[in-house]
2 protein chains.
Amino acid sequence: MGALRRKLTRAGLPGLLVTYAPDVRYLCGFTGSNAALAVTRRAARLFTDGRYTAQADEEVKAARVEIVSSAPSVSAVEWLAAQTGVNAAGFDPARTSVADLARWKAALPSRIRRGFLTPLPAPYVEPLRAVKDQDELEVLREAALIGCQLFERILGELRPGVSELQIAAELEYQARRMGAEGMSFETIVASGERSAYPHGRATPAALPRRGFLTLDFGIIHKGYCSDMTRSVFFGKPRLKERKAYGAVLEAQEAALAAVTAGVSANEVDEAARARLRREGLAEAFSHSTGHGVGLEIHEPPRIGAGQRTRLQSGMVVTIEPGIYLPGEFGIRIEDMVQVTRNGGQVLTPAPKALIEL
Amino acid sequence: MGALRRKLTRAGLPGLLVTYAPDVRYLCGFTGSNAALAVTRRAARLFTDGRYTAQADEEVKAARVEIVSSAPSVSAVEWLAAQTGVNAAGFDPARTSVADLARWKAALPSRIRRGFLTPLPAPYVEPLRAVKDQDELEVLREAALIGCQLFERILGELRPGVSELQIAAELEYQARRMGAEGMSFETIVASGERSAYPHGRATPAALPRRGFLTLDFGIIHKGYCSDMTRSVFFGKPRLKERKAYGAVLEAQEAALAAVTAGVSANEVDEAARARLRREGLAEAFSHSTGHGVGLEIHEPPRIGAGQRTRLQSGMVVTIEPGIYLPGEFGIRIEDMVQVTRNGGQVLTPAPKALIEL
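Residues numbered from 1 in each chain as written. Chains lettered and ligands numbered in written order. Predicted model: local features only at pLDDT ≥ 70, side-chain atom pairs only at ≥ 80, totals over all residues. Heavy atoms only, no water.

Draft legend 1. Looking closely at the domain arrangement of chain A. All names here are of chain A. The domain architecture assigned to chain A consists of domain 1 (2-128) and domain 2 (131-346). Put simply, the middle of domain 1 and the middle of domain 2, counted by C-alpha atoms, are 35 Å apart. Across the contact, seven residues belong to domain 1 and seven residues belong to domain 2. Summed over both partners, the interface of domain 1 with domain 2 buries about 610 Å², with 50% contributed by carbon and sulfur atoms. Of all residues in domain 1, Arg25, Tyr26 and Glu126 bury the most surface against domain 2, accounting for 60% of the area lost on that side. At the boundary of domain 1 with domain 2, the tally comes to zero salt bridges. In this structure, the connection of domain 1 to domain 2 is made through two residue pairs in polar contact (both at pLDDT 80 or more). If you list the elements that add at least two residues to the side of domain 1 that touches domain 2, you get α2 (21-28) and α6 (126-130). Classifying every residue of the side of domain 1 that touches domain 2 gives five nonpolar, no polar and two charged. (Domains from an automatic or database assignment. Contact = heavy atoms within 4.5 Å. Buried area = accessible area lost by both parts, 1.4 Å probe. Salt bridge = Lys/Arg side-chain N within 4 Å of Asp/Glu carboxyl O. Polar contact = N/O pair within 3.5 Å; in protein donor to acceptor, adjacent residues only side chain to side chain. Helix = DSSP H or I, 4+ residues; strand = E, 2+ residues; numbered from the N terminus. Nonpolar A, V, L, I, M, F, W, Y, C, P; charged D, E, K, R; others polar.)

Draft legend 2. Focus on the pattern of salt bridges. Residue and element names in this part refer to chain B. All told, the structure shown has 49 salt bridges over all chains when counted by the stated rule. Close ionic contact of Asp100 with Arg103 constitutes a salt bridge, the shortest N to O distance being 2.9 Å. On the criterion of helical spacing, the pair formed by Asp100 and Arg103 is a turn pair, its members being three residues apart in helix α5 (residues 98-107). We classify Asp100 as partly exposed; its relative accessible area is 24%. The partner of Glu328 in a salt bridge is Lys240, and the shortest N-O contact between them spans 2.7 Å. Placement of the pair is Glu328 in the loop between β16 (322-325) and β17 (329-332) and Lys240 in helix α9 (residues 239-258), with a sequence separation of 88 residues. Note on Glu328: relative accessible area 38%, which makes it partly exposed. (Buried < 20%, exposed > 50% of the residue type's maximum accessible area, 1.4 Å probe, protein only.)

Draft legend 3. Molecular detail of the packing of aromatic side chains. Residues and elements named next belong to chain A. In this structure the tally under the stated criterion is 11 aromatic pairs over all chains. Their ring planes at 90° and their centres at 5.5 Å tell us that Phe30 and Tyr52 sit as a pair that is edge-to-face. Residue Phe30 is found in the loop between α2 and β2 (35-40), and its partner Tyr52 is found in the loop between β3 (44-48) and α3 (53-59); the two are separated by 22 residues along the sequence. The exposure classification of Phe30 matches that of Tyr52, with both residues buried. Among the aromatic side chains, those forming a connected cluster through ring pairs are Phe212, Phe233 and Phe329. Over the face of the ring belonging to Phe285 we find Arg273, whose NZ or CZ atom lies 4.1 Å from the ring centre. (Phe/Tyr/Trp six-rings, centres within 6.5 Å; stacked < 30°, edge-to-face > 60°. Lys NZ or Arg CZ within 6 Å of the ring centre and 35° of its normal.)

This is how it looks when you write it as structure tokens:
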């Protein structure tokens with residue numbers, strides 16, 4: 001909340017309306033749905049409904065709670081408009097529906113209806129969320145570790161003939177048993193030729209006697225997401241397959257080595273891309289190198305070509321180059337890494353040498 | 001698509017922009033993300049990006065597909081504006097962000113920028129989705145049956161000391177094994193005093209030696225949701241508990257008996273509510289009696305007090321009265337039921353007599 005207030009002051013913005021649930025949770029700790037947070041330079045108030053009275057009391061820090069019987073966001077707008085010295089309040093037009101904006105305007109006194117609500121040109125809270133504090137880093141480290149333990153457990157289940165869906169089911173079951181709150185995205189289990197689909201959801205297809213299998217999955221732990229990918233091999237890889245794996249691994253290690261506070265995101269991306277280009281695999285690497293991860297599975301910064309954002313100490317990003325050869329195979333290797341002033345600290349200590357099953 | 005065109009014609013609306021994913025899927029079959037469907041009285045076109053070329057070819061019926069490299073919804077707006085005789089297109093202001101609307105307007109020729117895009121006063125496609133066709137009814141019947149089989153399997157796992165989370169994990173694991181695409185909402189496992197929380201998510205709490213356990217869960221099958229609830233009892237229920245269960249069951253049966261084409265939703269709700277009122281449990285029944293279910297877990301119609309919608313043949317709704325006595329216990333019984341001209345056809349053939357474990 002302190003960083004947000006400094007940002008408001010710098011921007012000369014007297015008020016802010018926050019309705020996006022991960023932003024609300026980040027700023028005041030509330031995890032319920034149907035809430036709106038109003039922030040001025042002096043005060044903050046969370047509006048929610050009667051179902052959440054007890055939960056809000058328990059969870060909310062750094063804001064007063066007001067239980068309302070109509071739409072919380074409308075109450076938040078009314079409250080902001082009633083604060084002394086608050087003549088404008090920012091909102092995120094990408095996260096606000098046309099219908100909600102109309103409702104908010106209708107709730108304002110007519111003399112301020114036109115100018116009070118100010119669409120912000122870019123997400124306002126998300127960039128703050130990109131830099132994690134010590135508590136968040138601790139939780140993300142735990143989340144990544146649970147992911148690695150899960151990978152180890154699932155390795156024992158991988159054998160030809162078992163269906164991709166069965167592996168996804170087993171993975172999610174074990175995650176729950178290990179105390180995960182849920183999966184952070186739909187588990188990707190893509191085997192054989194299907195490994196060439198970057199986002200191959202699990203299907204009834206049986207794991208092959210020979211070929212790659214890509215597992216990309218994450219869990220939610222104390223609200224925070226983990227994200228990791230490994231490609232393993234059934235049978236004996238041919239030279240082309242082994243070389244391709246080596247190239248992806250080197251690209252991933254090169255990008256990891258490029259991570260440090262102050263470097264720009266596109267330089268990290270280019271570190272991976274350059275390595276694959278040298279092997280003639282530039283075309284086969286059809287996505288960005290990574291993304292921030294935290295309360296949401298995809299957060300700023302994006303680690304991709306043309307991304308000028310400079311990495312800051314405390315950011316946590318994924319590094320996940322991959323190659324996809326349609327009709328043949330695909331490979332991806334992904335770790336989470338914490339940005340520090342002395343380079344990147346890998347949070348995903350699972351082995352990366354090619355596993356042959 | 002036929003029903004939608006008739007609705008457009010009746011409303012004198014020459015064009016419609018559909019961006020809400022379940023509506024897009026319903027109208028043309030496309031299941032990918034990042035798509036927009038433009039519909040006129042004569043033509044329909046689906047816009048999506050290059051990742052979905054093959055998938056769109058395979059899935060899309062009743063619309064031409066256009067792969068675009070910029071935002072699909074912007075292309076859809078441009079296409080609508082270029083159609084002869086189309087001087088206005090409706091959009092859903094509750095599902096459109098302020099930022100998207102600004103982008104759409106900017107893409108229009110300036111002479112039509114003001115009047116072309118028409119905010120619709122209410123959801124346009126959702127009411128059509130409420131009445132299911134034969135194929136949809138078949139899939140919903142299958143989905144509900146899988147739910148019942150799942151309930152039977154999980155019954156064997158219920159015993160004092162096992163954690164609620166473990167039961168949720170087991171349920172979701174078995175659902176996957178049975179081929180479910182996923183769960184239709186976060187599984188509710190609420191035991192002992194926690195059964196008095198209408199939406200008690202599974203916690204690490206152990207199932208009690210004595211008391212109620214409420215299981216509320218659903219699976220996704222071929223894109224369609226199932227939804228069912230049963231409360232079971234550990235140990236021997238006391239008279240008050242047994243009577244309360246009996247009252248909820250009678251209320252549920254009364255509401256089921258009230259379901260038929262032509263009846264209004266509030267009459268069905270009242271059938272359940274009246275029964276509980278007679279037992280002095282009106283206050284304890286703190287939610288509506290049910291809701292439509294289909295591609296989404298909550299769809300129109302709502303079966304609640306004051307809801308004047310008349311049920312139509314082909315609708316599928318849940319009937320789920322419950323009572324919640326804080327500090328004591330809660331009970332809920334839920335089936336899915338298909339509305340026909342000859343009454344309601346229950347799709348959830350799991351036993352409802354109180355199960356004592």
